[in-house]
Amino acid sequence: MIIKKIELDNFMCYAGNGNCIEFSEGINVIIGDNGYGKSKLYDAFYWVMHDQVFSPEKKAFETTKSAKANLISDKAKAEIENGRLSAAVKITFHNLEKDSVYILERRYSITVTDGKIQEDNDGEFTIMEKELSYLNARMVTDVDRKRMIVNSILPPQIKDYLWFQGEQVESIIDFNQKDTLTKAVNVLSNISRYDSMIEIAEAAAKAAAKEYDTDLRRLSKDSAKSAVLETRRLELEKKIYRQKEEEREVSDNLARAEARCEELLNKQADAKKVSVLQERKRGVVGRLELLNKELKKEQVNFHRKMFHSHWVLKGTEDMLKLYANKFSEYEKKKLLQEAEEKVRKEMEDEVDAKLQTRLPINVPEPNYVEWMLEKERCLVCDREAKKETEAWLKIKELLDRPKEKKKASKEVAVVPLDFSGDLKSLYQNGVALESRIEDIDSDINDALQQRSNLQGNVREVNKEMGAIELDIQRLLADTALTSEGAENILNEYSIQNKKAKDFKDDWSRITHDIAESERLLKEVNDERRDLVTGALPAWLVEKKEVTSDFEIIAKTTRDRVFNNLITQLEQEANKHYQDMTLGNKSARGIIKLRKQTNGNYMPEIIDSNGNPLLGLNTSNIILVKLSAIMAIISAKGNSGDLYTLITDAPTSVFGEDYTIGFCKTISKVYQQSIIMSKEFYKNQELKNELLKNPDIKIGRVYTITPSIVEGERADRSNLSTKIEALN
Amino acid sequence: MDLLKRIKDRAPEYDAIHESLITKFTLVQGGRAGTSTDESAWEQGKYFSTKYEIYMYAALLGLKNDYRVPFSKDAKKEKFMEIRSWQPPKLVDYVMMCLLAKSDIDFNELEKMEEAEVEKQILAYRKLLEEYANGGFDKIRAKMEAEPGFFDSNDNCFIDLLDLK
């Protein structure tokens, strides 16, 4: 059965009537960027089959009853003032073998009165059927027939593996859930049939044992003792039952912890790498902080040195010279003046000394001289000295000179001003700074060099940090981890490891206890048998043995069948996994479904030597899950030929590197697939390969483009979607 | 009589038009004696901790370039700290020395002068200091106008400016 076409009328962003996409066998690809309408197309398929659409706001599917008018194009709603408006999606299925056709249509309507919307409570679902494609279609009215048709198109037990969105892949196959694999195995073969067989065998064995016990009691030579042993036996059996229950619980816990450990172990290598890088980053950040602090200090000091180290005096040498000259002139002149003064003084003293010798000894000079002036006669040489004559004035001079001298000495004592001390200290200060000024240039250069070295170091460390940061980002992108997540993984791994060890200890203790109880039970049974007088009927012994064997056979058969199916699943999954990873350089390995203590199976990827590969990234894990999904379909024989795979953005969760491998693989597994993808939108090379690669059985390829780009969709009343066929 | 003491007792003035320039580069409040550290001052883009630092810087810039600008008649003058409080003392004395070297004062004659005349000389000396500082401020202002990025994107601006010719 393949899908011939889908027709959309006013369904969400597919405004207007006549939006039709035709499909053929092989891979049909709808190419569009984010927000172009891919998911709405997926919704259209899903809506027809399940009466539900995915609500991105609620992150869940919602029914027509709650989605209501949201199903109808905003453009169509904006354009109608009065009347009835419907969103309708019609899918035409074609059974190629029988040439029969089914047309499934879902419709939801509203009534608009003066722009006011009145919503219907539910939609309508119709199925048209044509026994041969060229005949006229007739409506299927019988409810059971309708259900049968829907189930034949998309069987409920495998619908999860046929129609899914990329982000659902993780949850569809959750190996931590014990029933995930059972569910998958049930798709391959009805394993529950074997479970019923086990139930019957257990009941038969129990009934035979009871009969046998009754006879044992009847034939006992010591009925009292036999009764005691019987009670003991029942107690022990109850105990063993409880212990086995406990064992099951512990082994479940152990399996869960081991599975979690396994899962974390894959991520642990990445987490460790992230953690090591984070640690290195912390070290570098610390170094950078110190260096920056030092650099800042150097910067501040650099400028403070303008005053502390007198850099501000740079280039002022000339002024010191200028002052030195001026000061030297001043000093010279001052010395000269002082010398002249000294000479003058000495001369005066000399004259005075000479004058003094001409006066009589022991004569009170002033009186004697005044007497001479009065007499107008020199009493020394006894010559006349008339008043105001030269001789008289000379004598008078003898009287005046000491007074003048006295007066002069007084004047000398009051020196006008003396700044020589200050002027000298300025000069000395200048001279003291001279050598510092000479060194300023080399001082500045040294400081600049020092700072440049520090800046160089800062640059280096920044570079180192950039590289680490880049490594971290790459690692985080590859592993889909966050820095915090990496730390959590390491912590959780050690917790789960400890738990697994504890559960293992518990498990050993319980199995030991069970063995002990079983030994005691055997002793009791032997003792009971020893009390028997006469022979037990042979048929009863045989019945007991046969039913017991039957129970064992039923259980082992179920295990064998289950294990065979698991092996088949593993082989199929590996085939797809190898196909998908072909042409990709990253580590691939082989998928191994490893049996756990509780009978569950966990996938791991091993190398050719059987050693588990660690450090798997998200892409690997998703690929394993996709392989498992495809294996469930392909291992069932012709399932892939019977049903169409419809998936929205399956490749968005792993890298573009795997996209072509994925396309090749699904072309092998499914007769028809419909894929919505953005990978081919941006990568022209990938698109060319899709269309030309001979290993890909290509069907129809379309691009879808919205009339308004996503960023400008505040008003969606004009939004429609253009569908363009590429081949 | 102590000449230096008399000079240093004076508080020189600057033209109020340079106020914004001074504020831009000087930690006018909370300086070294206040709450601000060298580091935080630096972070605020302040190269000088006190007004006397930028004033000395300006005066030396003016002196080195022999560029002094007399105050215009209607200039509004701003007074600040007396020279005796400026730091560091050696640097202050050097500035005083430079100004004495540049002044017309004849030391020998000065010593012979009457008190009133000495006072006149000291006033002239202070005016000379103010004019050279004014010249220095003018140089900084001119550089800012001609090359605005010089001070914004270069931590060494005031060191580099010492080489300004």
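Everything quoted here is computed from the prediction, not taken from an experiment.

Quick notes on the sheet that holds strand β17 (residues 672-677) of chain A
Residues and elements named next belong to chain A. Sheet architecture is open: 6 strands sit in the order β11-β16-β17-β3-β18-β19, paired in mixed fashion. Edge positions in the sheet fall to β11 (163-165) and β19 (721-725), since each has one partner strand and no second. Strand-to-strand twist in this sheet, taken as the mean axis angle between neighbours without regard to direction, amounts to 15°. Looking at chain direction, strand β3 (residues 26-31) and β17 are connected through 6 bridges and run parallel.

As for unusual backbone geometry
For the bond running from Gln 87 of chain B to Pro 88 of chain B, omega is -15°, close enough to zero to count as cis. Mapped onto the secondary structure, Pro 88 of chain B falls in the loop between β2 (77-79) and α5 (89-102). One non-glycine residue, Asp 114 of chain A, lies in the positive phi region at around 50°. One non-glycine residue, Glu 376 of chain A, lies in positive phi territory at about 55°. Among the structural elements, Glu 376 of chain A can be located in the loop between α11 (365-375) and β12 (377-378).

Describing the interface of chain A and chain B
Contacts between the two partners involve 44 residues from chain A, matched on the other side by 48 residues from chain B. Of the roughly 4300 Å² buried where chain A meets chain B, counting both sides, 66% is carbon and sulfur surface. In this assembly, chain A and chain B are joined by 4 salt bridges. At the junction of chain A and chain B, the tally comes to 19 residue pairs in polar contact (both at pLDDT 80 or more).

Observations regarding a nonpolar patch on the surface
Residue and element names in this part refer to chain A. A contiguous nonpolar surface patch, about 260 Å² in accessible area, is contributed by Met 197, Ile 200 and Phe 550. Note that Ile 200 resides in helix α8 (residues 192-218). For Ile 200, a relative accessible area of 54% gives the class exposed.

Quick notes on the side chain of Ser 100 of chain A
Residues and elements named next belong to chain A. Inspection of the secondary structure puts Ser 100 in strand β7 (residues 100-113). The exposure class assigned to Ser 100 is buried, which follows from its relative accessible area of 7%. Each residue touching Ser 100, except ones within four places of it in the same chain, is listed here: Phe 93, His 94, Asn 95, Lys 130 and Glu 131.

Considerations on the confidence of the model for chain B
When pLDDT drops low, the exact placement of atoms in the prediction is not to be read closely. Residues and elements named next belong to chain B. Per-residue pLDDT for chain B has a mean of 87; in total, 88% of the residues score no lower than 70. When mean pLDDT is taken per element in chain B, α5 scores highest with 95 and helix α3 (residues 38-43) scores lowest with 64. In the model, residues 30-34 has pLDDT below 50 throughout and makes 9 contacts with residues more than four positions away in sequence or in other chains. As a predicted assembly, this complex carries a pTM of 0.54 together with an ipTM value of 0.93.

Details of the packing of aromatic side chains
Across all of its chains, the model carries 29 aromatic pairs over all chains by this definition. Residues Tyr 52 of chain B and Trp 86 of chain B carry aromatic rings whose centres are separated by 6.4 Å and whose planes lie at 15° to one another, so their mutual orientation is stacked. In this pair, Tyr 52 of chain B sits in helix α4 (residues 51-64) while Trp 86 of chain B sits in the loop between β2 and α5, placing the two residues 34 residues apart along the sequence. Residues Tyr 52 of chain B and Trp 86 of chain B agree in their burial class; the two are buried. Ring centres 6.1 Å apart and planes at 65° place the aromatic pair Tyr 55 of chain B and Phe 137 of chain B in the edge-to-face group. Here Tyr 55 of chain B is found in helix α4, whereas its partner Phe 137 of chain B is found in helix α7 (residues 115-146), with 82 residues between them in sequence. Three or more aromatic residues joined by ring pairs make a cluster, and in this case those are Phe 307 of chain A together with Phe 25, Tyr 47, Phe 48, Tyr 57, Phe 150, Phe 151 and Phe 158 of chain B. The ring of Phe 302 of chain A carries Arg 451 of chain A above its face, with NZ or CZ at 4.6 Å from the centroid. The aromatic ring of Tyr 67 of chain B is capped on one face by Lys 139 of chain B, whose charged end is 5.0 Å from the ring centroid.

Focus on helix α1 (residues 38-50) of chain A
Residue and element names in this part refer to chain A. Compared with the 18 Å implied by 1.5 Å per residue over 13 residues, the 18 Å span of α1 between its first and last C-alpha is a close match. Along α1, 10 of the 13 residues are buried, which leaves the element largely enclosed by surrounding structure. Of all the positions in α1, only Lys 38, Leu 41, Tyr 42, Asp 43, Ala 44, Phe 45, Tyr 46, Trp 47, Val 48 and Met 49 are classed as buried.

Side note on the nonpolar core
Ranked by size, the top nonpolar core spans 107 residues in total, and within it Ile 6, Phe 45, Tyr 161 and Trp 163 of chain A carry the most contacts. The dominant element in this core, judged by the number of residues it contributes, is helix α16 (residues 618-634) of chain A, at 10 residues. The contacts of Trp 163 of chain A, once residues within four sequence positions are left out, are Ile 3, Tyr 42, Phe 45, Tyr 46, Met 49, Leu 154, Thr 644 and Ile 646 of chain A. If you look at the next biggest cluster of nonpolar residues, it comprises 73 residues, including Trp 311 and Ile 440 of chain A together with Tyr 94 and Met 97 of chain B.

Some points on the pattern of salt bridges
All names here are of chain A. By the definition in use, this model includes 77 salt bridges over all chains. One salt bridge connects Lys 504 with Glu 258, and the closest N-O pair in it is separated by 3.6 Å. Within this pair, whereas Lys 504 is found in helix α14 (residues 483-530), its partner Glu 258 is found in helix α9 (residues 223-308), the two being separated by 246 residues in sequence. For Lys 504, a relative accessible area of 44% translates into the label partly exposed. The closest approach of N and O atoms between Arg 509 and Asp 513, which form a salt bridge, is 3.7 Å. Note that Arg 509 and Asp 513 are positioned in helix α14 at a spacing of 4 residues, about one turn of the helix.

Overview of the layout of surface pockets
Residues and elements named next belong to chain A. Empty space within the largest pocket amounts to approximately 2400 Å³. Lining of the largest pocket is provided by 50 residues; of these, Glu 202, Tyr 241, Lys 244, Glu 551 and Lys 555 occupy positions nearest its centre. Elements represented by at least two residues in the lining of the largest pocket include exactly α7 (178-188), α8, α9, α14 and α15 (538-581). For the lining of the largest pocket, the per-class residue count stands at 15 nonpolar, 11 polar and 24 charged. Each pocket or cavity is described by its volume, and for the second largest pocket that value is around 970 Å³. Lining the second largest pocket are 37 residues, with Ser 39, Lys 40, Asp 43, Phe 54 and Pro 56 positioned closest to its centre. Sorting the residues of the lining of the second largest pocket by element identifies α1, β4 (52-55) and α3 (74-79) as the ones contributing at least two each.

Regarding the state of the cysteines
In total, this model carries 0 disulfides over all chains according to the counting rule given. Among the cysteines around Cys 378 of chain A, which has no disulfide bond, Cys 381 of chain A carries the closest sulfur, lying 3.4 Å off.

What counts and what doesn't
Residues numbered from 1 in each chain as written. Chains lettered and ligands numbered in written order. Predicted model: local features only at pLDDT ≥ 70, side-chain atom pairs only at ≥ 80, totals over all residues. Heavy atoms only, no water. Pairing = 2+ DSSP bridges. Helix = DSSP H or I, 4+ residues; strand = E, 2+ residues; numbered from the N terminus. Axes fitted to C-alpha atoms, helices over the stretch in contact; angles between N-to-C directions. Contact = heavy atoms within 4.5 Å. Buried area = accessible area lost by both parts, 1.4 Å probe. Salt bridge = Lys/Arg side-chain N within 4 Å of Asp/Glu carboxyl O. Polar contact = N/O pair within 3.5 Å; in protein donor to acceptor, adjacent residues only side chain to side chain. Patch = residues over 30% accessible without salt bridge, like charges linked within 9 Å, V, L, I, M, F, W, Y side chains within 5 Å. Areas by Shrake-Rupley, 256 points an atom, 1.4 Å probe, with all protein chains shown as cover. Buried < 20%, exposed > 50% of the residue type's maximum accessible area, 1.4 Å probe, protein only. pLDDT = per-residue confidence, 0-100. Phe/Tyr/Trp six-rings, centres within 6.5 Å; stacked < 30°, edge-to-face > 60°. Lys NZ or Arg CZ within 6 Å of the ring centre and 35° of its normal. Expected span 1.5 Å × (residues − 1). Core = buried A, V, L, I, M, F, W, Y, C linked by side-chain atoms within 4.5 Å. 1 Å grid on protein atoms, 1.4 Å probe; cavity = no way out; pocket = protein on both sides within 12 Å on 5 of 7 lines; lining within 4 Å. Points joined across faces, edges and corners; volume = space filled by probe spheres on them. Nonpolar A, V, L, I, M, F, W, Y, C, P; charged D, E, K, R; others polar. Disulfide = S-S within 2.5 Å.

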